[in-house]
Amino acid sequence: MSLPLLHKRITDEKLVKKLISSREPELFGELYDRYADKVFNKCCGFAIDLQEAEDLTQDIFLLLYIKIGSFQGRSKFSTWLYSFVYNFCVNHVNRNKYRKMKDSSRNFEEGDGNPLQEIPDSSLFELKSQKLKKALDQIEPEDKSILLLKYQDDATIKDLMALLQIGESAVKMRLKRAKNKVVNAYHNLK
Amino acid sequence: MQKNSNPFKNLNTKPKQLPVEIRKKVMDDVAIASLFMDLTFLVTDSYPSALKGLFKTIDSNEFN
């Protein structure tokens, strides 16, 4: 059996382990093939246009090659990768001061001074996806990314604790705040 | 495609495909990065700063 075929049959975690020890570009190419479109589509959610999403994707894969050794296997590789992607995109959005000024409608604060509400997941799941997409664009990218990790990428509380390096109560509070912000943004959309 | 009751799963109903030419660009960058990492490992542990010029979306003076 040829080596490339062998690489195609192994799990992400085994592939990454081999990549960390060998740094073989061929192994990285296999990882790229598995995730390029997924990473690109996640970048599209944070980028102004397709060109910016392509540039972000290119940079993310380069940084991934450099930092792949920091994957410690505390969560599934895909969950770790998506967190890595969101971190990169959030930093990019926050760094882009021009866009911050342009998007002055962002910074949607929770409840306009009202106390945080406990929003059950069942209420969140009643939201319409296209309107939800617009609401997610209204809130801070950090809040958007934790919601996407939890509800789109199925990261568990334990995963989020490891990825964000914070405790369980802090994760739950960040989720609660993010849910409040997105629901408020959703109901304030015209 | 069956719709999921979780609206977060339906945010991207028309997934986009990354242009195929990006793969070559990424793998070229990776080859350069790999070379830099091997070379700079011999003389310094600050290879990230040596690679900052490869990034498109990060300013050179912000890379760390």
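Above this text is the structure in question.
Quick look at the structure, then. As the structure is a prediction and not an experimental result, all values here were calculated from the model.

Description of the nonpolar core
All names here are of chain A.
- Counting 71 residues, the largest nonpolar core has F28 and L31 as the members making the most contacts within it.
- In terms of residue count, helix α5 (residues 77-95) provides more of this core than any other element does, 11 residues in total.
- Residue contributions to this core reach at least three from each of two domains, namely domain 1 (1-102) and domain 2 (105-190).
- For L31, the residues in contact, after removing those within four places along its chain, are L15, V16, L19, L64, I68 and F77.

Considerations on the packing of aromatic side chains
- On inspection of all chains with the given rule, the structure shows 12 aromatic pairs over all chains.
- A cation sits over an aromatic face here: K42 of chain A above Y82 of chain A, 4.6 Å from the ring centre.

Focus on the interface of chain A and chain B
- Counting from both sides, the interface comprises 42 residues of chain A and, opposite them, 35 residues of chain B.
- Across the contact surface, chain A and chain B share three salt bridges.
- Across the salt bridge formed by D33 of chain A and R23 of chain B, the nearest N and O atoms sit 2.7 Å from each other.
- Where chain A touches chain B, the interface holds 16 residue pairs in polar contact (both at pLDDT 80 or more).
- Contributing elements (two or more residues each) for the side of chain A that touches chain B: α3 (25-44), α4 (50-67), α5, α8 (129-138) and α9 (141-151) of chain A.
- No other element matches the 13 residues that α4 of chain A contributes to the side of chain A that touches chain B.

Let's talk about the packing of helix α10 (residues 157-164) of chain A against helix α11 (residues 168-188) of chain A
All names here are of chain A.
- At a minimum axis separation of 9 Å, α10 and α11 run at an interaxial angle of 100°. Of the possible angle classes, the one that applies to α10 and α11 is roughly perpendicular. Packed against α10, whose contacting residues are I157, L160, M161 and L164, the element α11 presents E168, V171, K172, R174 and L175 at the interface.
- Broken down by class, the residue content of the contact of α10 with α11 amounts to six nonpolar, no polar and three charged.

Quick word on the pattern of salt bridges
- Inspection of every chain in the model, using the stated rule, returns 12 salt bridges over all chains.
- One salt bridge in this structure joins K56 of chain B and D55 of chain A, with 3.8 Å as the shortest N-O distance. Within this pair, whereas K56 of chain B is found in the segment after α2 (47-51), its partner D55 of chain A is found in helix α4, the two belonging to separate chains.
- When the shortest N-O distance is used, the salt bridge between K172 of chain A and E168 of chain A registers 2.8 Å. Of this pair, K172 of chain A and E168 of chain A are both found in helix α11, four residues apart, which corresponds to roughly one turn of the helix.
- Under the relative-accessibility criterion, K172 of chain A is labelled partly exposed at 44%.
- For E168 of chain A, a relative accessible area of 41% gives the class partly exposed.
- When salt bridges that share partners are traced, they join D12, E30 and R34 of chain A into one network.

What counts, and where the lines are drawn
Residues numbered from 1 in each chain as written. Chains lettered and ligands numbered in written order. Predicted model: local features only at pLDDT ≥ 70, side-chain atom pairs only at ≥ 80, totals over all residues. Heavy atoms only, no water. Core = buried A, V, L, I, M, F, W, Y, C linked by side-chain atoms within 4.5 Å. Buried < 20%, exposed > 50% of the residue type's maximum accessible area, 1.4 Å probe, protein only. Helix = DSSP H or I, 4+ residues; strand = E, 2+ residues; numbered from the N terminus. Domains from an automatic or database assignment. Contact = heavy atoms within 4.5 Å. Phe/Tyr/Trp six-rings, centres within 6.5 Å; stacked < 30°, edge-to-face > 60°. Lys NZ or Arg CZ within 6 Å of the ring centre and 35° of its normal. Salt bridge = Lys/Arg side-chain N within 4 Å of Asp/Glu carboxyl O. Polar contact = N/O pair within 3.5 Å; in protein donor to acceptor, adjacent residues only side chain to side chain. Axes fitted to C-alpha atoms, helices over the stretch in contact; angles between N-to-C directions. Parallel < 35°, antiparallel > 145°, perpendicular 65-115°, else oblique. Nonpolar A, V, L, I, M, F, W, Y, C, P; charged D, E, K, R; others polar.

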